[in-house]
Amino acid sequence: MPRYQLLIEYVGTNFRGWQIQKKGLTIQGIIQEKLSKLLKEKITLNGSGRTDRGVHAIGQSAHFDCKNQIVDLIKFLKSINFFLNKKNIAITKIKKKNNKFHSRFSAKQRIYKYIIFNQISAPVINKGRGWHVRKPLDLKLIKEGAKKLVGTNDYSTFRSSSCHANSPIRTIKSIKVRSSKNKIEIEFKSQSFLQQQVRSMVGCLKYLGEKKWDLRTFVSVFKSKKRTLCAPPAPPEGLFLARVIY
């Protein structure tokens, strides 16, 4: 059976996340439904990973198998997007892959970006596309804290209580903190993340940037492995799945 990879972007605001659920709209559910109708067969869509309720994507990756080869990929892309764009979902690319490719298990790195708008006035153009933080943040402190999170560590402090991962050990390859005017972008790169890990780390970095914590307290909370000591997780609207590297 031919296998195809999709690169997907979406606004997660009105969805209950990526993964199909019994109740509520999900990105996987809508795309799978439209693919099945367009190809006139039951399609199962496999994503590179789940994004939580309200989280966006610039470069989500997924794959599916179908009985017949898609002859005209450009025409197919236009057809599927005709239905998906109304839901704030877009398939940006479709590629034919061999059957060894798996959108989740073949992934070598995943890149997430978190956006903070650090300004007094609430953003209007970018409403729902970042975390609005009024209190001035110390960028230097945030960068120092980010360095402490890089490497292979036990990230239990940042792990959601509903996380089903077998181990809290993860390897964060890099964290980059960039700032332009009032916009702060924090980029996280790792092969995989725990549930709510990125948002929880950003919540703690915000405490550090606001000087609610000093660097010593920040590191102590991280090393404690206690979820109860973690700062409140950053809201989902600032988080973007930016890219999946194979």
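The structure presented is a predicted model; accordingly, all values stated were derived computationally and were not measured.

What counts, and at which threshold
- Residues numbered from 1 in each chain as written.
- Predicted model: local features only at pLDDT ≥ 70, side-chain atom pairs only at ≥ 80, totals over all residues.
- Heavy atoms only, no water.
- Phe/Tyr/Trp six-rings, centres within 6.5 Å; stacked < 30°, edge-to-face > 60°.
- Lys NZ or Arg CZ within 6 Å of the ring centre and 35° of its normal.
- Buried < 20%, exposed > 50% of the residue type's maximum accessible area, 1.4 Å probe, protein only.
- Helix = DSSP H or I, 4+ residues; strand = E, 2+ residues; numbered from the N terminus.
- Pairing = 2+ DSSP bridges.
- Expected span 1.5 Å × (residues − 1).
- Arc of directions from axis to C-beta.
- Contact = heavy atoms within 4.5 Å.
- Core = buried A, V, L, I, M, F, W, Y, C linked by side-chain atoms within 4.5 Å.
- Axes fitted to C-alpha atoms, helices over the stretch in contact; angles between N-to-C directions.
- Parallel < 35°, antiparallel > 145°, perpendicular 65-115°, else oblique.
- Left-handed = near helix turned anticlockwise from the far one by under 90°.

S.K.: Please explain the packing of aromatic side chains as it appears in this structure.
M.R.: Two measures describe an aromatic ring pair: the distance that separates the ring centres and the angle between the ring planes. Per the stated rule, a full pass over the model turns up 10 aromatic pairs. Grouping aromatic residues by their ring pairs yields a cluster made of Tyr155, Phe158 and Phe222. Between the NZ or CZ atom of Lys97 and the centre of the ring of Phe101, over which it lies, the distance is 4.9 Å.

S.K.: Could you clarify how one ought to interpret the pairing of strand E1 (residues 3-10) in this entry?
M.R.: If a strand is regular, its side chains alternate between the two faces of the sheet. Counting buried positions over the eight residues of E1 gives seven, a clear majority of the element. Two elements, E1 and strand E3 (residues 56-65), share seven bridges in a ladder whose sense is antiparallel. Of the residues in E3, the one forming a bridge with Leu7 is Ser61. Relative to strand E4 (residues 89-97), E1 runs antiparallel, the two sharing eight bridges. Looking at E4, one finds that Ile8 is bridged to Ile91.

S.K.: Explain helix H2 (residues 73-84) to me, please; I cannot follow it from the model alone.
M.R.: Owing to its 3.6 residues per turn, the α-helix aligns residues three or four sequence positions apart on the same side. The terminal C-alpha atoms of H2, which comprises 12 residues, lie 16 Å apart, in line with the 16 Å expected from a rise of 1.5 Å per residue. All buried positions along H2 are accounted for by Phe76, Leu77, Ile80, Asn81 and Leu84. Buried residues of H2, seen end-on, are gathered within an arc of 125° and therefore sit on one face of the element. When the buried face of H2 is taken as reference, the exposed residues oriented beyond 90 degrees from it are Ile74, Lys75, Lys78 and Phe82. Buried positions along H2 lie against helix H1 (27-39), E3 and E4.

S.K.: Sorry if this is basic, but what is going on with the nonpolar core here?
M.R.: Within soluble globular proteins, side chains that are nonpolar tend to cluster in buried spots. Ranked by internal contacts, the top residues of the largest apolar core, which has 64 residues, are Ile31 and Phe64. Ranked by residues supplied to this core, first place goes to helix H4 (residues 197-209) with seven residues. Sequence-distant contacts of Ile31, that is, excluding residues within four places in its chain, are made with Leu6, Ile8, Trp18, Leu45, Leu84, Ile89 and Ile91.

S.K.: So what exactly am I meant to see when it comes to the environment of Leu215 here?
M.R.: Its place among the elements puts Leu215 in helix H5 (residues 215-224). The spatial distance from the C-alpha of Leu215 to the C-alpha of Ile111 is 25 Å, given a sequence separation of 104 residues. Those residues in contact with Leu215, other than ones at most four positions away along the chain, are Glu144, Gly145, Lys148 and Leu208.

S.K.: Which parts of the structure should I look at to understand the packing of helix H3 (residues 139-149) against H4?
M.R.: Packed helices, taken two at a time, are described by the angle their axes make and the gap between the axes. Relative to each other, H3 and H4 sit at 140°, their axes nearing to 8 Å. Our classification of the angle between H3 and H4 gives oblique. The handedness of the crossing between H3 and H4 comes out as right-handed. Side by side, H3 and H4 meet where Leu141, Ile142, Gly145, Ala146 and Leu149 of the first sit next to Met201, Leu205, Leu208 and Gly209 of the second.

S.K.: Explain unusual backbone geometry to me, please; I cannot follow it from the model alone.
M.R.: Excluding glycine, residues mostly have negative phi values, and the peptide bonds linking residues are mostly trans. In this structure, Asn88 takes a positive phi of about 65° despite not being glycine. Mapped onto the fold, Asn88 is located in the loop between H2 and E4. With relative accessibility at 42%, the residue Asn88 sits in the partly exposed group. For Lys181, which is not glycine, the phi dihedral falls at a positive 55°. Relative to the elements of secondary structure, Lys181 occurs in the loop between strand E8 (169-180) and strand E9 (183-190).

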